[in-house]
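Observations on the three-dimensional arrangement
So the chains spell out like this:
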Amino acid sequence: MNMSLEDLVVKAREFGGSDIHLACGVPPKFRRDGKLENLDEMPLTHNDCEAYAKEMAGKMYVQMEDIGELDLAQTIAGSRVRMNLFRQQGSVSASLRILSDHIPEISQLGLPPLVSQFPTWQKGIILVTGETGSGKSTTLAAILNQINHTRKEHIITLEDPVEYIYKPDMCLINQREVGKDTRTYADGLRAILREDPDIILIGEMRDGETIETALTAAETGHLVFATLHTNSAVDSVDRIVGTFSAERQPQIRMQLSTTLKAVLAQQLLVRKGGRGRCAACEAMYVTPAIRNLIREGKTPQMQSALLSSASQGSITMDNCLMNMIRSGLIDVETAIDAAADPDYIRQNAGAGGGFAPRPQSAPAGNAGAAAPQGRPQGGGFFKR
């Protein structure tokens, strides 16, 4: 083992890396600007990987041996690191995500202006969605930390594993880890409802029982934040409803229509020039019209309703991408790859990035409502 675990984290951090990958037979690798590069030139042996795994897992190594994988997080060389250990082809591999040393301000993330309202809301569900590595945890940490500094509330988080560590200010904050402090998300969330919370963070809504308990928590006056691995606001509604059997779906749609406040779908894109990354976001503020569509099961019509709610802070992913092209944050090809409708980007990304925002289904007099849907995306924080 040529480099210690601390050395790997320090070196990857110095190079601007976001992730470290360890696998038998290949050198240690790190991800920078979305691409994998070698951290060292010497391939890791089976014994190297076992030694790294035992150092990371400690007493939980036996658990990893038993079930084949393990999620955990700890501070290494001054950085909070989220880790996943797993067995493959007879050896241990590991994926490490290097988290920021501090929790950023919402204003640093380049998110839609609607997000700045989230810390002021009193109840309901707010979903932050996107694929793995899209910055969901960072966004939620910024939101909760602003609440921590501005409100006198009880915040309870349920995570697997605990990532950002909050320093209580005006709020009382309890952070519970699935597998350590509670057996499952469902068990932990049921218990949380008996612990007098005001604000609840659910690291991931993985099953119907967790989703149903979250809806109940929102119905009873709590502010609930949760994540899903979906790429758009409409997909998020479909995913939640589709978790349940056909006979249960009308009830779930009704609960969701009364509790859902907003959906933020985000992805991280490589900046123009290839160095650093920035956030592209779709934000949906749930208006009365959208509530009706959720309740009636007419999710295909929600995209048009989203376009029509620009004045309340909503923005589609494709219009966000066009704003980012126009502002010089990303190039056209990056936007096309990230778009829900690539042809829309191709047709509208003219010289200098100018464009006419996608018209909405409202009368022609409102066709330009998408233009002020938010400042250019991509703050300086998402540098990796």
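In short, a report on the structure. (Residues numbered from 1 in each chain as written. Predicted model: local features only at pLDDT ≥ 70, side-chain atom pairs only at ≥ 80, totals over all residues. Heavy atoms only, no water.)

This part is about the packing of helix α8 (residues 249–259) against helix α9 (residues 288–296). It is at 7 Å that the axes of α8 and α9 come closest, and there the two elements cross at 170°. One element, α8, and the other, α9, form an angle in the roughly antiparallel class. For α8 against α9, the interelement crossing comes out right-handed. Seen from α8, the contacting residues are R253, M254, L256, S257, T258 and T259; seen from α9, they are R291, I294, R295 and E296. Taken together, the residues of the contact of α8 with α9 break down into 3 nonpolar, 3 polar and 4 charged. (Axes fitted to C-alpha atoms, helices over the stretch in contact; angles between N-to-C directions. Helix = DSSP H or I, 4+ residues; strand = E, 2+ residues; numbered from the N terminus. Parallel < 35°, antiparallel > 145°, perpendicular 65-115°, else oblique. Left-handed = near helix turned anticlockwise from the far one by under 90°. Contact = heavy atoms within 4.5 Å. Nonpolar A, V, L, I, M, F, W, Y, C, P; charged D, E, K, R; others polar.)

Within the open sheet, the 6 strands sit side by side as β3-β2-β1-β6-β5-β4. Their pairing is antiparallel. Sheet topology places β3 (35–38) and β4 (69–76) at the edges, where each strand pairs with a single neighbour. Neighbour to neighbour, the strand axes of the sheet diverge by 25° on average, direction disregarded. Note: strand β1 (residues 19–22) against strand β2 (residues 29–32), 3 bridges, orientation antiparallel. Bridging across to β2, D19 finds its partner in R31. (Pairing = 2+ DSSP bridges.)

This brings us to helix α1 (residues 5–14). For α1, the full list of buried residues reads L5, L8, V9 and A12. Buried residues along α1 cover an arc of 95° about the axis, so they all sit on one side. As for α1, its buried residues are in contact with β1, β2, α2 (46–57), β4, β5 (79–88) and β6 (91–98). (Buried < 20%, exposed > 50% of the residue type's maximum accessible area, 1.4 Å probe, protein only. Arc of directions from axis to C-beta.)

Our next topic: the packing of helix α7 (residues 233–242) against α8. The geometry of α7 relative to α8 is characterised by a closest axis approach of 9 Å and an angle of 135° between their N-to-C directions. On the basis of the axis angle, α7 is oblique to α8. As α7 runs across α8, the sense of the crossing is right-handed. Mapping the contact onto sequence places V237, I240, V241 and G242 in α7 and Q249, I252, R253 and L256 in α8. When its residues are assigned to classes, the contact of α7 with α8 shows 5 nonpolar, 2 polar and 1 charged.

Here the focus is the sheet that holds strand β12 (residues 260–270). As summarised here, the arrangement of the 7 strands in space is β9-β8-β10-β11-β7-β12-β13, forming an open sheet in which the pairing is mixed. At either margin of the open sheet sits one strand with a lone partner, and together these are β9 (172–177) and β13 (277–285). Averaged over neighbouring strand pairs, the angle between their axes works out to 15° when direction is ignored. Pairing geometry for strand β8 (residues 154–159) and strand β10 (residues 199–202), over 4 bridges, is parallel.

A separate point is the environment of S137. Position of S137 among the secondary structure elements: in helix α4 (residues 136–150). When the C-alpha atoms of S137 and E163 are compared, they prove to be 7.8 Å apart, with 26 residues separating the residues in sequence. Beyond its immediate stretch of four places on either side in the chain, S137 contacts R82, E163 and Y164. For S137, the side chain forms a polar contact with the side chain of E163, separated by 2.9 Å. (Polar contact = N/O pair within 3.5 Å; in protein donor to acceptor, adjacent residues only side chain to side chain.)

The subject of this paragraph is the nonpolar core. Core analysis: the biggest nonpolar cluster contains 50 residues, and F118, I147, F225, L321, I330 and I345 have the highest contact counts within it. If we ignore the near neighbours within four places in the chain, the residues touching I147 are P119, I155, C171, I199, L223 and F225. With 37 residues, the next largest nonpolar core counts I156, L158, V178 and Y185 among its residues. (Core = buried A, V, L, I, M, F, W, Y, C linked by side-chain atoms within 4.5 Å.)

Here β4 runs beside β5; their pairing, made up of 8 bridges, is antiparallel. Paired with L70 across the bridge in β5 is L85. Hairpin remark: β4 followed by β5, antiparallel, with 2 residues in the connecting loop; positive phi at A77, about 50°.

A few words on the pattern of salt bridges. Evaluated as defined, the whole model comprises 16 salt bridges. Linking E209 and R190 is a salt bridge whose minimum nitrogen-to-oxygen distance equals 2.1 Å. Of the two residues, E209 is situated in helix α6 (residues 208–219) and R190 in helix α5 (residues 185–192); the sequence distance between them amounts to 19 residues. Given the relative accessible area of 42%, E209 is considered partly exposed. According to the relative accessible area criterion, R190 is partly exposed, its value standing at 33%. One network of salt bridges, in which partners are shared, links R183, D187, R190 and E209. (Salt bridge = Lys/Arg side-chain N within 4 Å of Asp/Glu carboxyl O.)

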